[in-house]
Amino acid sequence: MTSSSPAAPRGRERRPRDSRVGDKIFMNLARGSGILLLVIMAAIAAFLTWRSVLALSTNEGNFFTSFEWTPDAPKPVFGIAVLVFGTIVSAVIAMAIAVPVAIGIALFISHYAPRRIAQPFAYLVDLLAAVPSIVYGLWGALFLVPHLDGLTSWLNEYMGWTYIFDQTRTGTPRNLFTVGILLAIMVLPIITAVSREVFRQVPRMHEEAALALGATRWEMIRTAVLPFGRPGIISASMLGLGRALGETIAVAVVLSASNVLSLHILDAGGGTFAQNIALKFAEAGDNGRNALMASGLVLFVITLLVNGAARLIIARRKEYSGANA
């Protein structure tokens, strides 16, 4: 007489089916969220394109090379040459300052500082990302700008031969150089946080192998940590660059806006896409708002390209892209 195994409880029979139903619901919700995001982005792009076509049809100047911005004049003339230059220059200055400092802070937190110091220090850096942009702008206008007179004078005296740091107009340093320093402080938490997490993912065996071969701590970091974290550092820098390109209020408070394009970054003046939209949207007419939408479309495309490049860099390493999850 063969013995039959006891029947499984009904609850256990239902669990696989319930889990499959839950997985399908979650998958459909996630897929719908992704499709909704694409639809919203496509709608934004279509709206900006439509308003841009209306503005460009009335423009009597070259949209890419004109320095003027008079879209509501009887003969509308507007261009983004000054805005492109100011946006790129301020972002490059910010990246040149923020990236080395952020990597140094991330390495200090992950490999040098004791845990009792590293943890509060990491929290402090992360809190900088929660500070509103207007607070950064007010701090930059009331504290940073007055205290940069000495630095700008020193750069003009000893680095003026480079032409870039040659200050041709004296005055308050409300210029692209000051904006770049302020943006560097604002993007510092983003680059630091991402780089810190990447450095923590370095396999422990790689670090121990380098130390076992007689490498110093810096040699271990240079040969094991930095090569492993290079894609993460690049992607973090690209994310910070996206923040620097689109910053609005802080730049509008600090920068003395003008339609003059000057390679002397210590001279007051210049402009960026976001700052120009923030300052002129309220007083612009119908055609002026369409022109601002056209400049916003250019910034939208630049931001998408930057974030897309960051995503491609992350995807090169499966550890960062979530492919193994």
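Residues numbered from 1 in each chain as written. Predicted model: local features only at pLDDT ≥ 70, side-chain atom pairs only at ≥ 80, totals over all residues. Heavy atoms only, no water.

What follows is about the overall build of the chain. A tally of helices and strands in the chain yields 12 helices and two strands. Counting from the amino terminus, the chain carries its helices and strands in the arrangement α-β-β-α-α-α-α-α-α-α-α-α-α-α. A globule of 325 residues ought to have a C-alpha radius of gyration of about 20 Å, yet the chain, at 26 Å, is considerably larger. Projected onto its principal axes, the C-alpha coordinates of the chain cover approximately 105 × 55 × 30 Å. Per-residue burial for the chain yields a buried fraction of 41% across its 325 residues. Of the contacts made within the chain by residues no fewer than 6 positions apart, 73% connect residues no fewer than 24 positions apart. Entry remark: accessible area of the chain is about 18,400 Å², with carbon and sulfur atoms responsible for 66%. If you average the places of the 27 positive and of the 19 negative side-chain charges in the chain, the two averages end up 15 Å apart. (Helix = DSSP H or I, 4+ residues; strand = E, 2+ residues; numbered from the N terminus. Rg over C-alpha atoms; globule rule 2.2 N^0.38 Å. Buried < 20%, exposed > 50% of the residue type's maximum accessible area, 1.4 Å probe, protein only. Contact = heavy atoms within 4.5 Å. Areas by Shrake-Rupley, 256 points an atom, 1.4 Å probe, with all protein chains shown as cover. Lys, Arg positive; Asp, Glu negative; His and termini not counted. Charge placed at Lys NZ, Arg CZ, Asp CG, Glu CD.)

The next thing to look at is the packing of helix α6 (residues 176-200) against helix α8 (residues 217-246). In contact at an axis separation of 8 Å, α6 and α8 are set at 150° when each is read in the N-to-C sense. When the interaxial angle is binned, α6 and α8 end up roughly antiparallel. The handedness of the crossing between α6 and α8 comes out as right-handed. Here L183, M186, V187, I190, I191, V194, S195, V198 and F199 of α6 come into contact with α8, specifically with V225, L226, F228, G229, G232, I233, A236, S237, L239, G240, R243 and A244. Broken down by class, the residue content of the contact of α6 with α8 amounts to 15 nonpolar, five polar and one charged. (Axes fitted to C-alpha atoms, helices over the stretch in contact; angles between N-to-C directions. Parallel < 35°, antiparallel > 145°, perpendicular 65-115°, else oblique. Left-handed = near helix turned anticlockwise from the far one by under 90°. Nonpolar A, V, L, I, M, F, W, Y, C, P; charged D, E, K, R; others polar.)

Moving on, we get to the packing of aromatic side chains. Applying the stated rule across the entire model yields eight aromatic pairs. Each ring, one from F63 and one from F64, has its centre 5.4 Å from the other, and the planes form 75°; the classification is edge-to-face. Its relative accessible area of 58% is what places F64 among the exposed residues. Ring centres of F165 and F177 lie 6.3 Å apart, and the angle between their planes is 90°; this geometry places the pair in the edge-to-face category. Highlighted residues: F165 in the loop between α5 (149-158) and α6 and F177 in helix α6, separated in sequence by 12 residues. Taken together, the aromatic side chains of F63, F64, W69 and F78 make up a single cluster linked through ring pairs. Here R289 stacks its cationic end above the ring of F281, 4.9 Å away from the centre of that ring. (Phe/Tyr/Trp six-rings, centres within 6.5 Å; stacked < 30°, edge-to-face > 60°. Lys NZ or Arg CZ within 6 Å of the ring centre and 35° of its normal.)

The next point concerns the nonpolar core. Counting residues in hydrophobic clusters, the biggest one holds 70 residues, and the most contacted among them are F177 and I191. Mapped onto this core, the elements with two or more residues apiece are α2 (81-112), α3 (115-128), α4 (133-144), α6, α8, α9 (249-254), α10 (273-280) and α11 (286-315). Among residues more than four places away in sequence, those in contact with F177 are I93, L151, L155, F165, I265 and L266. (Core = buried A, V, L, I, M, F, W, Y, C linked by side-chain atoms within 4.5 Å.)

Phi angles above zero are rare outside glycine, and Y163 is one such case at about 70°. Tracing the backbone through its elements, the reader meets Y163 in the loop between α5 and α6. Judged by relative accessible area, Y163 falls into the partly exposed class, the value being 45%.

Counting across every chain of the model gives six salt bridges. A salt bridge links R196 to E197; the shortest N-O distance between them is 3.6 Å. Residue R196 is classed as buried on the basis of its relative accessible area of 5%. The class of E197 is partly exposed, set by a relative accessible area of 36%. (Salt bridge = Lys/Arg side-chain N within 4 Å of Asp/Glu carboxyl O.)

With that settled, the discussion passes to the packing of helix α7 (residues 204-212) against α8. Relative orientation of the contacting elements α7 and α8 amounts to 145°, with a least axis distance of 9 Å. Classified by chirality, the crossing of α8 by α7 is right-handed. Counted together, H206, E207, A210 and L211 of α7 and M220, T223, A224 and V225 of α8 form the full contact between these two elements. For the contact of α7 with α8, the per-class residue count stands at five nonpolar, two polar and one charged.

This part is about a nonpolar patch on the surface. A cluster of nonpolar residues, F108, Y112, I117, F121, L124, L127 and W218, forms a patch on the protein surface that exposes about 670 Å² of accessible area. At the level of elements, α2 and α3 are the ones that each hand at least two residues to the nonpolar patch. With four residues, α3 is the largest single contributor of residues to the nonpolar patch. Looking at I117, the relative accessible area reads 40%, which means it is partly exposed. (Patch = residues over 30% accessible without salt bridge, like charges linked within 9 Å, V, L, I, M, F, W, Y side chains within 5 Å.)

Let's shift gears to the confidence of the model for the chain. Interpretation of the predicted coordinates at a detailed level should be avoided for regions scoring low in pLDDT. Of the residues in the chain, 91% have a pLDDT of 70 or more, and the chain-wide mean is 85. Across the chain, element-level confidence peaks in α2 with a mean pLDDT of 92 and bottoms out in helix α12 (residues 318-321) with 49. Predicted confidence for residues 320-325 stays below pLDDT 50, and this span has 12 contacts to residues more than four positions away or in other chains. (pLDDT = per-residue confidence, 0-100.)

Here Q167 lies in the loop between α5 and α6. Not counting the four nearest positions on each side in its chain, Q167 is found in contact with T152, N156, L266 and D267.

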